[in-house]
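Observations on chain architecture
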Amino acid sequence: MKDGEAFIAAHTAPARPAMVPEVELFLATAITPIWQATEEWLAARNIEPPFWAFAWPGSQALARLMLDGTVPVRGRRVLDFAAGGGLAAIAAMLTGAQSAEAAEIDPLALAATRLNARHNGVSVATPEGDVVGQPCRWDTVLAGDVCYEAPMTGHIFPWLRRMAGEGAEVLLADPGRAYLPKEGLAAVARFSVPTTRELEDRDARDVTVYRVLK
């Protein structure tokens, strides 16, 4: 999606997320211009809003754990589920993962991931389509900020638990979204992640990283 990469480059700027300064991504520097710019472009291509243009708190927490070595992924096959711009997948590759896939149903998010990965000198696979329901082919599965709607949680959580049951380490990072499941999770780390008032109702989000249980 070369026109997507050109669009992203034209409407974002390289920036380093507050919690993950080791990684530089093409991000929105102010929310209104990119949302206005994308409205017509996205409508013409039937593409979702530009959630890929922001380093969401959950992805920052997951990336931080890998870069600090708290979650070792060296030599492992990693899935960054609902990857946005691919921050967690890029962090995995920077810390020695054998491979990383970024799963997104938004083709513009996949284009952003490819652009961001090249910018950071790593290779991230960007298969198209919904991976939910597919057999486990990963050693580590990362999911950040995925429990913001009941249908989304209901769609993905049984599959994430199945991935754990098939032997993958499944980590879910949540900044207090409404539809986080009450069972089947064990907290492993907590962070206060700076955010922006354009996206959130506060200046920081308390993110808990959970291990998804079998």
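Each remark here, short or long, concerns the structure printed above.
Residues numbered from 1 in each chain as written. Predicted model: local features only at pLDDT ≥ 70, side-chain atom pairs only at ≥ 80, totals over all residues. Heavy atoms only, no water.

Brief notes about the environment of P151
- Mapped onto the fold, P151 is located in helix α6 (residues 150–165).
- Given a relative accessible area of 62%, P151 falls into the exposed group.
- When the C-alpha positions of P151 and Y179 are compared, they lie 9.2 Å apart, and in sequence the two are 28 residues distant. (Helix = DSSP H or I, 4+ residues; strand = E, 2+ residues; numbered from the N terminus. Buried < 20%, exposed > 50% of the residue type's maximum accessible area, 1.4 Å probe, protein only.)

Digging into the packing of aromatic side chains
- With the rule as written, the count across this model stands at four aromatic pairs.
- Aromatic ring contacts, followed pair by pair, group F51, F54 and W56 into a single cluster. (Phe/Tyr/Trp six-rings, centres within 6.5 Å; stacked < 30°, edge-to-face > 60°.)

A few points about the nonpolar core
- Within the largest apolar cluster, 36 residues are counted, with the highest numbers of intra-cluster contacts made by M66, V124, F191 and V209.
- Every element with two or more residues in this core is listed here: β2 (25–27), α3 (57–67), α4 (87–94), β4 (99–103), β6 (169–174), β7 (185–194) and β8 (204–212).
- Not counting chain neighbours up to four residues away, the residues in contact with V209 comprise A61, L62, L65, L171, L172, A173, A186, A187, V188, A189 and F191.
- The next biggest cluster of nonpolar side chains, apart from the first, holds 24 residues, and it includes V141, W159, L160 and M163. (Core = buried A, V, L, I, M, F, W, Y, C linked by side-chain atoms within 4.5 Å. Contact = heavy atoms within 4.5 Å.)

Focus: helix α5 (residues 107–119)
- Helix length check: α5 (13 residues) gives 18 Å between terminal C-alpha atoms against 18 Å at 1.5 Å per residue, within 8%.
- Residues L108, A109, L110, A111, A112, T113, L115, N116 and A117 constitute the buried set of α5.
- Phi turns positive one or two residues past the end of α5, at G121, with a value near 75°. (Expected span 1.5 Å × (residues − 1).)

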